[in-house]
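Breakdown of the fold
The lines below spell out each chain.
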Amino acid sequence: MEKLVSSWSTAGTTLPESYIFPLETRPGELHFGPDGNSNIPVIDLDEDHNHDQTSIIQQIIKAGQEYGIFQVVNHGVSEELMDETMKVMKKFHEMPAIDKARECSKDPKMRCRLYTSSENYSTEELHYWRDALVHPCHPLEEHMQFWPENPTQYREIVGKYTVEVRKLASKILELISQGLGVKPGYFSGELSENPIVLVNHYPACPEPGLALGIAKHRDPSVITILLQGDVPGLQLSKDGKWVVVPPLSHAFVVNIGYVLQVLSNGKLKGAEHRVVTNSSVARTTTSLFIYPSNDSIIKPETTLTDACNPPLYRAFQYKDFRSYYISNTADAEKVHEFMDRHT
Ligand SMILES: O=C(O)CCC(=O)C(=O)O
Ligand SMILES: [Fe+2]
């Protein structure tokens, strides 16, 4: 396997050329709103705090239309479980490279795996300052046997975490289905059958102004639930400018993905985001992607289209979209060529 960034980088390393991005894509200037922050909505999911369910639904739909990303608080996942998950995931990435490789080599189908930079390391011109562990999480009994056994509590803690975060994702998707006016349970079943956990690790970087943790992209999911911990690094592209998604203690970041964009016929939009690094501290985050089953057909929900609102996207099989997305390195223009309905 390619060498993990965490196995060779140290505070004094000079940045290898293959990690230096051209001026246009390097992290540049950041922009803030008039009150000094990025104004990304923070939604309180507790009905007792937030009037009633209708108001929560309206806030989610508005955030999905205007930003494609929002944060949620009072979401029902225990803070202790979030802290323990973050701790065990950090511990995993702190292990020697040889131990991490051993812990990730048990899955004959290689769905639990460790990689560095991106899924396209061998073909990409430039590399990203990131190591990643990825594995499916549902059904738990089927996949957990291939997860790392070290750190010793990894399976137990991450198992509990994925159950709780999947419940949260279902709750948010149920609110979205009400907001869109589609039938209850619309997103359960095959549209959310294949949830995947990604544990990102961005070591401290000697030249954060020249490197990227992840290039700009929209997620290929229905939605993504991200725990970003307390180190900033996630940025959203808003009106042509990069703004910070501020770490909020014990909040989750919710990203709308391309699949929901297509299903909602563009009513909700995927958020374009990227990750930058910093020179002082490593950053560990975890995304839980809600993916459809490979065979499901993705197309605008028919009840959301009519003569005045024609379908903007074509129907496609999810697995075709996914492999196209990966081999075209998430390039937004190419992805649109794939999904847009050409009349
Ligand atoms: O690490 C982060 O803050 C975001 C990660 C991300 O965008 C992803 O995993 O798709
Ligand atoms: Fe992402």
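Residues numbered from 1 in each chain as written. Chains lettered and ligands numbered in written order. Predicted model: local features only at pLDDT ≥ 70, side-chain atom pairs only at ≥ 80, totals over all residues. Heavy atoms only, no water.

1. A few points about the coordination of the iron ion (ligand 2)
At this site the iron ion (ligand 2) is bound by His217 (NE2), Asp219 (OD) and His273 (NE2), with donor distances of 2.1 to 2.2 Å. All donor residues of the iron ion (ligand 2) come from one chain, and their arrangement in sequence is H-x1-D-x53-H. Assigned by exposure class, histidine 217 and aspartate 219 land together as buried. (Donors = N, O, S within 2.8 Å, 3.2 Å for Na, K, Ca; no water. Buried < 20%, exposed > 50% of the residue type's maximum accessible area, 1.4 Å probe, protein only.)

2. With respect to the side chain of serine 296
For serine 296, the location among the structural elements is in the loop between strand S12 (283-289) and strand S13 (297-298). Dropping the residues within four chain positions of it, serine 296 is found in contact with Glu190, Phe316, Gln317 and Tyr318. (Helix = DSSP H or I, 4+ residues; strand = E, 2+ residues; numbered from the N terminus. Contact = heavy atoms within 4.5 Å.)

3. A word on the UniProt feature "domain: Fe2OG dioxygenase" (unreviewed entry) in the protein chain
In this structure's numbering, the residues bearing the UniProt feature "domain: Fe2OG dioxygenase" (unreviewed entry) are residues 192-292. Structurally, residues 192-292 comprises 6% helix and 40% strand, and the distance from its first C-alpha atom to its last is 5 Å. (UniProt positions renumbered as here; feature names shortened; annotations may be inferred.)

4. Regarding the site of ligand 1
Close to ligand 1 lie 14 residues; Tyr202, His273, Arg283, Thr285 and Ser287 are nearest. Between an oxygen atom of ligand 1 and a side-chain N or O atom of tyrosine 202, the distance comes to 2.6 Å. Threonine 285 is positioned such that a nitrogen or oxygen atom in its side chain is 2.8 Å from an oxygen atom of ligand 1. Alone, ligand 1 offers 290 Å² of accessible surface; in the complex the protein occludes 96% of this. Among the secondary structure elements, those contributing two or more residues to the shell around ligand 1 are strand S5 (196-202), strand S6 (214-217), strand S11 (273-275) and S12. No other element matches the four residues that S12 contributes to the shell around ligand 1. Among the residues forming the shell around ligand 1, the class breakdown is seven nonpolar, five polar and two charged. (Near = heavy atom within 4 Å. Polar contact = N/O pair within 3.5 Å; in protein donor to acceptor, adjacent residues only side chain to side chain. Areas by Shrake-Rupley, 256 points an atom, 1.4 Å probe, with all protein chains shown as cover. Nonpolar A, V, L, I, M, F, W, Y, C, P; charged D, E, K, R; others polar.)

5. Notes on the sheet that holds S12
On the basis of which strands lie adjacent, the open sheet formed by eight strands has the order S1-S2-S10-S7-S12-S5-S4-S3 and mixed pairing. Single-partner strands in this sheet number two, and they are strand S1 (42-44) and strand S3 (113-116). Averaged over all pairs of adjacent strands, the angle between strand axes in this sheet comes to 25°, irrespective of strand direction. As defined by bridge partners, S5 adjoins S12 across seven bridges and the pair is classed as antiparallel. In the sheet register, histidine 201 faces S12, and the bridge partner there is threonine 284. The sheet strands contacting helix H2 (residues 53-66) are S1, strand S2 (69-73) and strand S10 (252-256), and the helix crosses S1 at an angle near 160°. Where helix H3 (residues 79-94) meets the sheet, its contacts fall on S3, strand S4 (131-136), S5, strand S7 (223-227), S10 and S12, and the angle it forms with S12 comes to roughly 115°. (Pairing = 2+ DSSP bridges. Axes fitted to C-alpha atoms, helices over the stretch in contact; angles between N-to-C directions.)

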